Amino acid sequence: MTIGDGIASWCLHEELSKNPMLEVTNIAKNDLFIPCSLNTTSINCLRGVEKGVSPLGDRIVDSFKTFEHFFDQQNPQGVYQGCEYQMWKEDNLQKWQKRYSGYNKINDNPFLSSLVKDYKFYFSNNAYFIDPLKLKQWFRSRHENLIHFKEGIVLKVDNSNFVKTSCGDFQFDRIIFCTSRHTRHLLSDDVDQNFLYYLDHSKDVAGSYLEINIPEQSFDFKESFNLVFDQFHCIYRKEQSVLQIGSTTLNRCALELAHEKQLLHIYDYIQKSSFIELPLFARFQQKTGIRHKGFKRLPFWGQISANKFAICGLYKNAFSFAFLAAKEISRSFD
Ligand SMILES: Cc1cc2nc3c(=O)[nH]c(=O)nc-3n(C[C@H](O)[C@H](O)[C@H](O)COP(=O)(O)OP(=O)(O)OC[C@H]3O[C@@H](n4cnc5c(N)ncnc54)[C@H](O)[C@@H]3O)c2cc1C
């Protein structure tokens, strides 16, 4: 059994469904436990991260490569290529210089000069813009006949994998939790102490952003882009005709209500720093997702007891981590 209906489980189903010896049931309850995967400004982008610097960096690079390979092979719906421009001013030069050696001047770039005020330097990254709903539907269409999908709340899982749910009681050979920040509440006593320690030192991090549909005529650009003003993002998703502005990062917070004051601050900042004619603040929809930040920011995937596994703590790199996590976990089932 897999529990959860976010990017962690979508990728996992892709790998598990390749094994004809497995019979997989999935249970999730998205209207009660709202998936972060559908309330996200997700973009896959390496942002200057290189291998050999830290364990987290290594995971980010390996996962990104796994994702890119999947993209090249399968051309999934809901993933679009574009560009992310990390931008900064003179006074932040040292901080960003360390990270991005091959940076450029905004003045030398006619596209950016026409959109951005006050900022001096930029680094451009190839980026993949994710439309999570479309990607979910694409995955689902591939797995519809291979996985038994059930809608229900998982209430209790015991040591022997007997599972109580709102849609019945079941016995499973193996269970994989793709339940992000909710994982802790579902675990039985047989679970590895190191994993419990990891979860006890992980946290919820709420992220709010603004979103609006933009008529294509008023935003006539050739591809999706993300303008990053230091840490504030202005994301144009051409294929969806959507503009997003954000996002907030509220530590140890699981409030699904948007932080309007902070959003207004970000909106004002972007308006002040760009020539883009933004729609009025009040016209934007305010959205919030709750990320799960693992201990030391590290993601977790692996075995947690004799017949239980978990994928969680995917935080801000979920849409690439999930691809590697799925590949590595599914090897345990060969
Ligand atoms: C503003 C914002 C911007 C972001 N930007 C990026 C980005 O640019 N790139 C990136 O990679 N990531 C980004 N993220 C993070 C990313 O969206 C999340 O880390 C990711 O969606 C987590 O996926 P998941 O599958 O682990 O969990 P979720 O999507 O949260 O799914 C958890 C699932 O578990 C189910 N569940 C839990 N408990 C139970 C239960 N008891 N019974 C039944 N079902 C249960 C839920 O219903 C849900 O389906 C961003 C997040 C936010 C909020």
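Residues numbered from 1 in each chain as written. Predicted model: local features only at pLDDT ≥ 70, side-chain atom pairs only at ≥ 80, totals over all residues. Heavy atoms only, no water.

A. Expanded view of the site of the ligand. Around the ligand sit 37 residues in total, of which Asp5, Asn30, Phe33, Ser37 and Tyr315 are the nearest. Residue aspartate 5 places a main-chain N or O atom 2.8 Å away from an oxygen atom belonging to the ligand. For the ligand, an oxygen atom lies 2.7 Å from a polar atom in the backbone of phenylalanine 33. Every element with two or more residues in the shell around the ligand is listed here: α1 (7-16), β3 (43-44), β12 (203-213), β17 (285-293) and α8 (318-331). Lining the shell around the ligand are residues from two domains, each supplying at least three of them: domain 1 (1-78 + 131-202 + 294-334) and domain 2 (82-127 + 204-293). (Near = heavy atom within 4 Å. Polar contact = N/O pair within 3.5 Å; in protein donor to acceptor, adjacent residues only side chain to side chain. Helix = DSSP H or I, 4+ residues; strand = E, 2+ residues; numbered from the N terminus. Domains from an automatic or database assignment.)

B. Layout of the packing of α1 against α8. Closest axis-to-axis distance for the α1/α8 pair is 8 Å, and the angle between their directions is 35°. The way α1 lies across α8 gives a crossing that is right-handed. Contact residues: α1 offers Ile7, Ala8, Trp10, Cys11, Leu12, Glu15 and Leu16, while α8 offers Ala318, Phe319, Ala322, Phe323, Ala326, Lys327, Ile329 and Ser330. Tallied by class, the residues present in the contact of α1 with α8 amount to 12 nonpolar, one polar and two charged. (Axes fitted to C-alpha atoms, helices over the stretch in contact; angles between N-to-C directions. Left-handed = near helix turned anticlockwise from the far one by under 90°. Contact = heavy atoms within 4.5 Å. Nonpolar A, V, L, I, M, F, W, Y, C, P; charged D, E, K, R; others polar.)

C. Structural context of the domain arrangement of the chain. Along its sequence, the chain is organised into domain 1 (1-78 + 131-202 + 294-334) and domain 2 (82-127 + 204-293). One C-alpha centre belongs to domain 1, the other to domain 2; they are set 28 Å apart. Listed as interface residues are 24 residues of domain 1 and, on the opposing side, 23 residues of domain 2. Of the roughly 2200 Å² buried at the junction of domain 1 and domain 2 (both faces included), carbon and sulfur atoms supply 53%. The largest share of the area that domain 1 buries against domain 2 comes from Arg47, Arg181 and Tyr315, three residues that together contribute 31% of it. The interface formed by domain 1 and domain 2 holds nine residue pairs in polar contact (both at pLDDT 80 or more) in total. (Buried area = accessible area lost by both parts, 1.4 Å probe.)

D. Inspection of the sheet that holds strand β8 (residues 154-157) at higher detail. As summarised here, the arrangement of the three strands in space is β8-β9-β10, forming an open sheet in which the pairing is antiparallel. What marks the edges here is a single partner per strand, and that holds for β8 and β10 (168-171). Geometrically, the sheet is characterised by an average inter-axis angle of 20° between neighbouring strands, direction not taken into account. (Pairing = 2+ DSSP bridges.)

E. Main features of the nonpolar core. In terms of nonpolar packing, the biggest core is built from 36 residues, with Ile7, Phe139 and Ile311 touching the most fellow members. Where this core is concerned, the elements lending two or more residues are α1, α2 (55-74), β6 (121-130), α5 (132-143), β19 (308-312) and α8. The element that contributes the greatest number of residues to this core is α8, accounting for nine residues. Apart from residues lying up to four places away in sequence, isoleucine 311 is in contact with Ala8, Leu12, Phe177, Cys178, Thr179, Ser180, Phe300, Trp301, Ala325 and Ile329. Formed by 31 residues, the second largest nonpolar core is a distinct cluster that contains Met87, Leu112, Phe219 and Phe229. (Core = buried A, V, L, I, M, F, W, Y, C linked by side-chain atoms within 4.5 Å. Buried < 20%, exposed > 50% of the residue type's maximum accessible area, 1.4 Å probe, protein only.)

F. Seen up close, the packing of aromatic side chains. One pass over the full model with this rule turns up 38 aromatic pairs. Summarising the aromatic geometry, the rings of phenylalanine 225 and tyrosine 236 are spaced 5.5 Å apart at their centres and angled 45° between planes, so their arrangement reads as tilted. Taken together, the residues span a long stretch of sequence, with phenylalanine 225 in strand β13 (residues 224-229) and tyrosine 236 in strand β14 (residues 232-237) at a distance of 11 residues. Just as phenylalanine 225 is buried, tyrosine 236 falls in that class too. Measuring from ring centre to ring centre gives 5.4 Å for phenylalanine 232 and tyrosine 269, while their planes differ by 70°; the resulting arrangement is edge-to-face. Taken together, the positions of phenylalanine 232 in strand β14 and tyrosine 269 in helix α7 (residues 260-273) put the pair 37 residues apart, joining distant regions of the chain. (Phe/Tyr/Trp six-rings, centres within 6.5 Å; stacked < 30°, edge-to-face > 60°.)

G. Focus on the packing of α1 against α5. Where α1 contacts α5, the axes come no closer than 10 Å and their chain directions differ by 30°. On the basis of the axis angle, α1 is roughly parallel to α5. When the axes of α1 and α5 are compared, the crossing they make is left-handed. Of the residues in α5, those touching α1 at Ile7, Trp10, Cys11, His13 and Glu14 are Pro132, Leu135, Lys136, Phe139, Arg142 and His143. By residue class, the composition of the contact of α1 with α5 is six nonpolar, two polar and three charged. (Parallel < 35°, antiparallel > 145°, perpendicular 65-115°, else oblique.)

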